[in-house]
Amino acid sequence: MNEIPNTNYIKQLANGSSEFEQHLIEIIKREFPAEKEQFFSSYRQENHKDATEIVHKLKNKISILGLEEGYQIAVNFEKELKNKKTSLYPKFILILETIEDFISNL
């Protein structure tokens, strides 16, 4: 994946409020690992419905972290899962790993 996560959109939303910016970052740092784990659990159990719902949640975080290409992959992967297809799984996992590395350093 060539994209690098960033906090540009978070800064834009915060409109100069470092407190609000930090609050949004803390939400992502708290929710992302749990949602990622829920996704893996659902995926391993071949529960495509739950996995699809979690991808839907994760794609919003992908977007907030400035990954436009990653967001589109998540949108397409969500559609795939609804049809019980998984060809985009490797790309989606790479996005999740990239985000995990990024937020661990925030």
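Residues numbered from 1 in each chain as written. Predicted model: local features only at pLDDT ≥ 70, side-chain atom pairs only at ≥ 80, totals over all residues. Heavy atoms only, no water.

Novice: What am I meant to see in the pattern of salt bridges here?
Specialist: A pair can form between side chains of opposite charge whenever their charged atoms are brought close. Within this structure, the stated rule accounts for seven salt bridges. Here Glu21 makes a salt bridge to Lys11, at a shortest N to O gap of 3.0 Å. Pair noted here: Glu21 is in helix α2 (residues 18-44) and Lys11 is in helix α1 (residues 8-14), with a separation of ten residues, a long-range link. Given a relative accessible area of 18%, Glu21 falls into the buried group. The partly exposed category is assigned to Lys11, whose relative accessible area is 41%. One salt bridge in this structure joins Glu78 and Lys59, with 2.6 Å as the shortest N-O distance. Taken as a pair, Glu78 in helix α4 (residues 68-82) and Lys59 in helix α3 (residues 48-64) lie far apart in primary sequence, 19 residues in all. Here Glu78 and Lys59 have matching classes, each one buried. Among the charged side chains, a salt-bridge network with shared partners connects Glu31, Glu35 and Lys61. (Salt bridge = Lys/Arg side-chain N within 4 Å of Asp/Glu carboxyl O. Helix = DSSP H or I, 4+ residues; strand = E, 2+ residues; numbered from the N terminus. Buried < 20%, exposed > 50% of the residue type's maximum accessible area, 1.4 Å probe, protein only.)

Novice: Which parts of the structure should I look at to understand the nonpolar core?
Specialist: Generally speaking, a soluble globular protein has its nonpolar side chains buried in company with each other. Counting residues in each nonpolar core, the largest one holds 26 residues, and the members touching the most others are Phe39, Phe92 and Ile99. Where this core is concerned, the elements lending two or more residues are α2, α3, α4 and α5 (89-104). Broken down by element, the residue count for this core peaks at seven residues, all from α5. Contact partners of Ile99, with chain neighbours within four places excluded, come to Pro5, Phe32, Ile62, Leu65 and Leu67. (Core = buried A, V, L, I, M, F, W, Y, C linked by side-chain atoms within 4.5 Å. Contact = heavy atoms within 4.5 Å.)

Novice: Help me understand the side chain of Asn6 in this model?
Specialist: By the element assignment, Asn6 lies in the segment before α1. Within the structure, Asn6 has its side chain in polar contact with the backbone nitrogen of Asn8 (distance 3.0 Å). When near neighbours in sequence (up to four residues on either side) are disregarded, Asn6 contacts Ile64, Leu65, Gly66 and Phe102. (Polar contact = N/O pair within 3.5 Å; in protein donor to acceptor, adjacent residues only side chain to side chain.)

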